Amino acid sequence: MKKLNIILIVIISAPLMAFAQQDADGCKEHPMFPTRMSNYIMAECITNFDAVDFVLSDDGTKSITKEGTKTSIRYDFNTESGQQKPSVLQILRNYENASKKIGGATMFLNTDAAVGVFKIMKDGKEMAWVKVECGGDNSNDFYILYILEMEAMKQEITSTDMLTALNADGHIALYINF
């Protein structure tokens, strides 16, 4: 009887698993936002040191550029779920509320432009900036989550000009202005 139940479960669930859309290989939720909107899958994810522009006004004239470790995750709506897509406002408000729970403040939110920008603070210090951009038909087919964690870039290239000059000439000239 037990074997029959297991076989029935496998037979019933196999077609469902075959049609289920899955997250892109190697993608996982960012620890700052460990959950996502229902019925969205991760289509791609990238993490690298980079700069991100954050628009802070409706006309786009006010913006700020920040540098740090940028994580971008694109979430596509799972059309096979049979569920209704959330509105742009619903997506943006979900991230706004989640940001507030971890010390965030809304810097910009515009449903017509389908963009939300949030600054995350901890102990009075900027920890991260977050941007959510929605897109596609009615701006809710997908959304991209950008998380920029504030940190200095790891310097990989060093200059040996002073060492080369010191070895070749036996001295170096330093100009120090007071």
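Keep in mind the model is a prediction, meaning the values are calculated, not measured.

About the criteria used
Residues numbered from 1 in each chain as written. Predicted model: local features only at pLDDT ≥ 70, side-chain atom pairs only at ≥ 80, totals over all residues. Heavy atoms only, no water. Helix = DSSP H or I, 4+ residues; strand = E, 2+ residues; numbered from the N terminus. Buried < 20%, exposed > 50% of the residue type's maximum accessible area, 1.4 Å probe, protein only. Contact = heavy atoms within 4.5 Å. Areas by Shrake-Rupley, 256 points an atom, 1.4 Å probe, with all protein chains shown as cover. Polar contact = N/O pair within 3.5 Å; in protein donor to acceptor, adjacent residues only side chain to side chain. Pairing = 2+ DSSP bridges. Axes fitted to C-alpha atoms, helices over the stretch in contact; angles between N-to-C directions. Expected span 1.5 Å × (residues − 1). Arc of directions from axis to C-beta. Disulfide = S-S within 2.5 Å.

## A few points about the overall build of the chain
A tally of regular secondary structure across the chain gives three helices and six strands. The order of helices and strands in the chain, counted from the N terminus, is α-β-β-α-β-β-β-β-α. In the chain, which comprises 178 residues, the proportion classed as buried is 31%. In the chain, the share of contacts with a sequence separation of at least 24, taken over all contacts with a separation of at least 6, comes to 51%. Summed over its atoms, the accessible surface of the chain is roughly 12100 Å², and 54% of this surface lies on carbon and sulfur atoms.

## Description of the side chain of Thr-71
Residue position: Thr-71 is located in strand β2 (residues 63-77). Of the polar contacts made by the side chain of Thr-71, one reaches the side chain of Thr-47; its length is 3.3 Å. Residue contacts for Thr-71: discarding those within four places in its chain leaves His-30, Ile-46, Thr-47, Leu-145, Tyr-146, Ile-147 and Glu-149.

## Concerning the sheet that holds strand β3 (residues 104-110)
Strand order across the open sheet formed by six strands is β1-β2-β6-β5-β4-β3, with antiparallel pairing between neighbours. Because the sheet does not close on itself, it has two edges, and the strands there are β1 (40-55) and β3. Strand-to-strand twist in this sheet, taken as the mean axis angle between neighbours without regard to direction, amounts to 20°. Pairing of β2 with strand β6 (residues 142-149) involves eight bridges; the strand directions are antiparallel.

## Here's the deal with helix α2 (residues 88-101)
Its 14 residues give α2 an end-to-end C-alpha distance of 20 Å, which sits within 8% of 20 Å, the value for a rise of 1.5 Å per residue. Every buried residue of α2 is listed here: Val-88, Ile-91, Leu-92, Tyr-95, Glu-96 and Ser-99. Seen along its axis, α2 keeps its buried residues to an arc of 130°; they face one direction. Elements in contact with the buried residues of α2: β1, β2, β3, β4 (115-122), β5 (125-135) and β6. Backbone geometry just downstream of α2 places Gly-103 in the positive-phi region, at approximately 95°.

## Section: unusual backbone geometry
Of note, Asp-123 is a non-glycine position whose phi angle comes to about 55°, a positive value. Residue class for Asp-123 comes out exposed when judged on its relative accessible area of 78%. For Ser-139, which is not glycine, the phi dihedral falls at a positive 55°. Within the secondary structure layout, Ser-139 lies in the loop between β5 and β6. On the basis of relative accessible area, Ser-139 is assigned to the partly exposed category, the value being 23%.

## A short note on the state of the cysteines
Within the structure shown, the criterion is met by one disulfide. Here Cys-27 is linked by a disulfide to Cys-45, with a sulfur-sulfur distance of 2.2 Å. When the S-S torsion is -100°, as for the bridge of Cys-27 with Cys-45, the disulfide is left-handed. Here Cys-27 is found in the loop between α1 (2-19) and β1, whereas its partner Cys-45 is found in strand β1, with 18 residues between them in sequence.

## Quick word on the environment of Met-37
Looking at the secondary structure, you find Met-37 in the loop between α1 and β1. Classification of Met-37 by relative accessible area gives buried; the value is 9%. Linking Met-37 and Pro-86, residues 49 residues apart in sequence, is a C-alpha distance of 8.4 Å. Setting aside chain neighbours within four positions, we find Met-37 in contact with Pro-86, Gln-90, Ile-91, Asn-94, Tyr-95 and Tyr-143.

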